[in-house]
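Coordinates in review
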Amino acid sequence: MGAILDLVKVLYDPGAVFQRVTEKPTFLMPFIGIAVVQILVSALNLPFLKVAMQAQAAQAPAGAPDPSKFAAIGLIFVPVGIAIVLVIIAFVLWVLVSLVAGEAKFGTLLSVAAYTAVPSVVVLGIVGAIVLQVQGPGNITSPQDLQPALGLDLLAPGAKGFPGAVVKGVKPVSVRGLVLTAIGVSTTHRLSKGNGYVVATSAFVLGLLIAGAFGALFGGRTG
């Protein structure tokens, strides 16, 4: 249960959490905690997702199946998606830490990835669900509308493609995730504070570039 409670503690006492990760890396319990919260949030957002999918289906050719009937099935794949993303983040951190420090521990960085994901996955998910509940389903016209503007995209509401995805990726929670990543890699791998921020900032920028590439590819407001 300590690993689960650390999902909350990492927001206000990250040094102590990552010191425990240094001594005993753990991934399963924080992953389960994150996955359970995200499943609950996704279930809460399900009516909004159905509205968005129905709006898209209305523009499809006549006779096409209504995808909103299968929206609930997507809840099954939430943990799988989270696991894949965390493994990718851990791999990126492993490469960056290896370049900076010469030695990196993948299992430890997998734990770091789980805890540093709390702001962008758990906090953002909860805040986004609250915003959707307040706004109601009336303004939902596509799945992209399920991601309300909570960052720099508030200053550029019409931005699409690469710039739209990049500005949407810069949020207070994502910046907090960057700070947690710097603390996490510095604590667990005995890096200097400066090198910790080099690793964290590089990973953050790479994430923005990847999001921007997807935004340019699909021409929408991804985030």
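Reading the values: rules and limits
Residues numbered from 1 in each chain as written. Predicted model: local features only at pLDDT ≥ 70, side-chain atom pairs only at ≥ 80, totals over all residues. Heavy atoms only, no water. Helix = DSSP H or I, 4+ residues; strand = E, 2+ residues; numbered from the N terminus. Expected span 1.5 Å × (residues − 1). Buried < 20%, exposed > 50% of the residue type's maximum accessible area, 1.4 Å probe, protein only. Axes fitted to C-alpha atoms, helices over the stretch in contact; angles between N-to-C directions. Left-handed = near helix turned anticlockwise from the far one by under 90°. Contact = heavy atoms within 4.5 Å. Nonpolar A, V, L, I, M, F, W, Y, C, P; charged D, E, K, R; others polar.

Re unusual backbone geometry
One non-glycine residue, Arg190, lies in positive phi territory at about 55 degrees. Along the polypeptide, Arg190 turns up in the loop between helix H8 (172–189) and helix H9 (193–218).

A word on H8
Between its terminal C-alpha atoms H8 stretches 26 Å, which fits the 26 Å expected from 18 residues at 1.5 Å a residue. Looking one or two residues past H8, Arg190 carries a phi angle of roughly 55 degrees, positive in sign.

Some remarks on helix H5 (residues 106–116)
An α-helical turn contains 3.6 residues, so any two residues separated by three or four positions project in the same direction. The element H5 is largely enclosed, with a buried count of nine among its 11 residues. Among the residues of H5, those classed as buried are Thr108, Leu109, Leu110, Ser111, Val112, Ala113, Ala114, Tyr115 and Thr116.

Section: the packing of helix H6 (residues 118–135) against H8
Look at H6 against H8: their axes get within 8 Å of each other, and the N-to-C directions meet at 145 degrees. Both H6 and H8 take part in a crossing whose hand is right-handed. Contacts from Pro119, Ser120, Val123 and Leu124 in H6 reach Val173, Ser174, Arg176, Gly177 and Leu180 in H8. Here the residues of the contact of H6 with H8 sort into five nonpolar, three polar and one charged.

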